[in-house]
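Take a look at the letters that make up each chain.
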Amino acid sequence: MQVQITVSGGSISTVTAIKYPNETNQSQTISAQVIPTYEQEAVSAQSADIKLVSGATETYTGFTGSLQDAINQAEQGGS
Amino acid sequence: MTRNDVEVQGAGTGHDKPMLVHVLNVMNIPFTIMVKPWGAVPGDHHRDQTAIASATDAAVSQIDAFLRDVDMRFSPFKQESSVSAARRGEWSAMLRDREFREIYAKTALANTITHGAFDAYYQGHYDPTGLVKGWAIETAIARFLRPLLQPSVAPVPHRTTQPSRDTDHRALAEAVAINAGGDIRTAVAQHSDYIWHIGIEDPEDTKALLGSCQIRDGGVATSGFSKRGAHIAHTTEDEVFTQLTVISDSVEDADLWATAGIAGGMHLWSALVKEQGLTAVAVRGNGEVIRYSDGRLLDSNIPGPKVTTAPSNTAQSNTAQSTTAQSATAQIRETRGPSC
């Protein structure tokens, strides 16, 4: 599964599924769930409700404009 | 100051987006700190917002000071740090610094339980950096943010206004999290049903997500090559993943397994997944995404090492090894307790 998030003006505008999972997920541990991101819940950033983004180590220098930076801006109310 | 403080929303605008967000820059790593307040008490919205905002401000200041202190002691790039001294052969920090001892013991254990894939002595010089970051995030959550989730929160030295006794039994925050440059630790209050939704970045396009995971109290760490190039030295000639995300009880563990899985290559990773019952999302060099849950391979039709096929003779031969690894993990968890 792959999901494309469009960031414009410091906030997330659209989330689009560009690849689809070919199987549904099995039951997971209670504390951690890995789930595919389905198209219907990837309509907007709000419904996807992603608050945190995990990726290979990011530097502060490159933080501005990153996905997490965009989410942070959106959580602040779009300042 | 390199702190980028986010304006806390006023009482009139904070209903729909109550998350408090702060960003710190320490060691050139962006630390995003999120605190989700409990819903406001009707008629007393402003007081609640003020209390959680000032408690969060105080916690963020303490985290900032703690991370800078960790950097001063453990950075291999600072000549005056304890780690730099150790690299020159001067190990007195082992005697005077309990946390230095703790980190040293953990790097030794990490080497054992990852079958050498995690190596704090790569090329002969002590460098615990790969473990220090996860440990620092764990410690920051436990010492400074988890208290916000406890009822009758008291450890807020800078708070000037005392909440009235009728609501003081309630915790200030429902959920807290730190994202340190892509490595994440979350925690949730006991009576909250809050779930953190976490996106996993696509290494081919860092503005896109490969998928997501949901956790309450836990850690997510990703190792790979999308941003800093090859910052993890390979200890193998085996096929290596482009990116590896591990979801675990703590970010310290998640980061350890992600680092080991990237450094050690696919075959060693497959063994670790089974031994430790790991949950993870891996990206191969050809872009293929592989998911693992509790030690099982979720996605089929994967060429190369088959994690799903576990013949009985292989399982037998792994038993002794697996037991050793489990007890080592238990030791790591034990030593974490007193430090937090």
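These numbers come from a predicted model, not from an experiment.

The next point concerns the overall build of chain A. Counting secondary structure elements, chain A contains two helices and four strands. Of the regular secondary structure in chain A, the N- to C-terminal order runs β-β-β-α-β-α. Relative to its full complement of 79 residues, chain A shows a buried share of 49%. The contacts of chain A with a sequence gap of at least 6 include a subset with a gap of at least 24, amounting to 32%. For chain A, the computed accessible surface area is about 3600 Å², with 51% contributed by carbon and sulfur atoms.

Counting secondary structure elements, chain B contains seven helices and twelve strands. In chain B, buried positions account for 55% of the 340 residues. For chain B, the share of sequence-separated contacts (at least 6 apart) that also reach a separation of at least 24 residues comes to 60%. In the structure as shown, chain B presents an accessible area of about 14100 Å², 53% of it carried by carbon and sulfur atoms.

Spacing of three or four residues puts side chains on the same side of an α-helix, whose turn is 3.6 residues. All names here are of chain B. With 16 residues, helix α4 (residues 98-113) extends 22 Å from end C-alpha to end C-alpha; this agrees with the ideal 22 Å at 1.5 Å per step. Listed as buried for α4 are E99, F100, E102, I103, K106, T107, L109, A110 and I113. Within two residues after α4, H115 carries a phi angle of roughly 55 degrees, on the positive side.

So, on to the pairing of strand β6 (residues 196-202) of chain B. Of all seven residues that make up β6(B), seven are buried, and the element is covered over most of its length. Here four bridges tie strand β4 (residues 50-54) of chain A to β6(B), and the two strands are oriented parallel to one another. Directly across from A:S54, in β6(B), lies its bridge partner B:I200. Pairing between β6(B) and strand β7 (residues 205-215) of chain B: seven bridges, direction antiparallel. The partner of B:G199 across the bridge, within β7(B), is B:S212. Counted between consecutive antiparallel strands, the loop separating β6(B) from β7(B) contains two residues.

Right, let's talk about the environment of B:I184 for a bit. Position of B:I184 among the secondary structure elements: in strand β5 (residues 183-188). On the basis of relative accessibility, which here comes to 0%, the residue B:I184 falls in the buried class. B:I184 has contacts with A:L52, A:V53, A:S54, B:I178, B:N179, B:I198, B:G218, B:G219, B:V220 and B:V251, leaving out every residue within four places of it along the chain.

Position of A:K51 among the secondary structure elements: in strand β4. For A:K51, the residues in contact, after removing those within four places along its chain, are A:Q68, A:I71, A:E75, B:M19, B:M34, B:Y194, B:W196 and B:H197.

Residues and elements named next belong to chain B. Summed over the entire model, instances satisfying the criterion amount to 14 aromatic pairs over all chains. Look at F100 and Y126: their rings are 6.3 Å apart centre to centre, the planes differ by 65 degrees, and that puts the pair in the edge-to-face class. Placement of F100 in helix α4 and of Y126 in the loop between α4 and α5 (129-145) is noted, with a sequence separation of 26 residues between them. One exposure class covers both F100 and Y126, and it is buried. Ring-pair connections join several aromatic residues into one group, and the members of that group are F66, F74, W91, F100, Y104, Y121, Y126, W135 and F144.

Residues and elements named next belong to chain A. When pLDDT is averaged along chain A, the result is 60, and 35% of the positions lie at 70 or above. For chain A, per-element mean pLDDT is lowest for strand β2 (residues 11-19), which scores 47, and highest for β4, which scores 93. Segment residues 15-33: pLDDT under 50, and 56 contacts once partners within four positions in sequence are set aside and those in other chains are kept.

As a further point, take the pattern of salt bridges. Side-chain pairs of opposite charge can arise whenever the charged atoms involved come near each other. Residue and element names in this part refer to chain B. All told, the structure shown has 17 salt bridges over all chains when counted by the stated rule. The shortest N-O distance in the salt bridge between E174 and K36 comes to 3.1 Å. Of this pair, E174 sits in strand β4 (residues 173-180) while K36 sits in strand β3 (residues 29-37), and the two are 138 residues apart along the sequence. With respect to burial, E174 and K36 carry one shared label: buried. Residue D97 is joined to R73 by a salt bridge in which the shortest nitrogen-to-oxygen separation is 2.9 Å. Separated by 24 residues along the polypeptide, D97 in the loop between α3 (93-96) and α4 and R73 in helix α1 (residues 45-74) bring together distant segments of the chain. Here D97 and R73 have matching classes, each one buried. Salt bridges sharing partners connect three or more residues here, namely D69, R73, D97, E99 and R143.

Before going further, it helps to examine the nonpolar core. With 68 residues, the main nonpolar core has B:F31, B:I63, B:L145, B:I178, B:F241, B:W269 and B:Y292 as its most contacted residues. Here this core takes twelve residues from helix α6 (residues 251-276) of chain B, the largest share from any one element. In contact with B:F241, not counting residues within four places along its chain, are B:F225, B:G261, B:I262, B:M266, B:W269, B:A282, B:V283, B:R284, B:I290 and B:Y292. One finds A:I71, B:V21, B:A175 and B:I184 within the second-largest nonpolar core, a separate group that totals 20 residues.

All names here are of chain B. Structurally, V26 can be placed in strand β2 (residues 20-26). Judged by its relative accessible area of 1%, V26 falls in the buried class. Placed 38 residues apart in sequence, V26 and D64 show a C-alpha to C-alpha distance of 7.5 Å. Discounting residues that sit within four places of it in the chain, V26 has contacts with F31, D64, L67 and R68.

Conventions we followed
- Residues numbered from 1 in each chain as written.
- Chains lettered and ligands numbered in written order.
- Predicted model: local features only at pLDDT ≥ 70, side-chain atom pairs only at ≥ 80, totals over all residues.
- Heavy atoms only, no water.
- Helix = DSSP H or I, 4+ residues; strand = E, 2+ residues; numbered from the N terminus.
- Buried < 20%, exposed > 50% of the residue type's maximum accessible area, 1.4 Å probe, protein only.
- Contact = heavy atoms within 4.5 Å.
- Areas by Shrake-Rupley, 256 points an atom, 1.4 Å probe, with all protein chains shown as cover.
- Expected span 1.5 Å × (residues − 1).
- Pairing = 2+ DSSP bridges.
- Phe/Tyr/Trp six-rings, centres within 6.5 Å; stacked < 30°, edge-to-face > 60°.
- pLDDT = per-residue confidence, 0-100.
- Salt bridge = Lys/Arg side-chain N within 4 Å of Asp/Glu carboxyl O.
- Core = buried A, V, L, I, M, F, W, Y, C linked by side-chain atoms within 4.5 Å.

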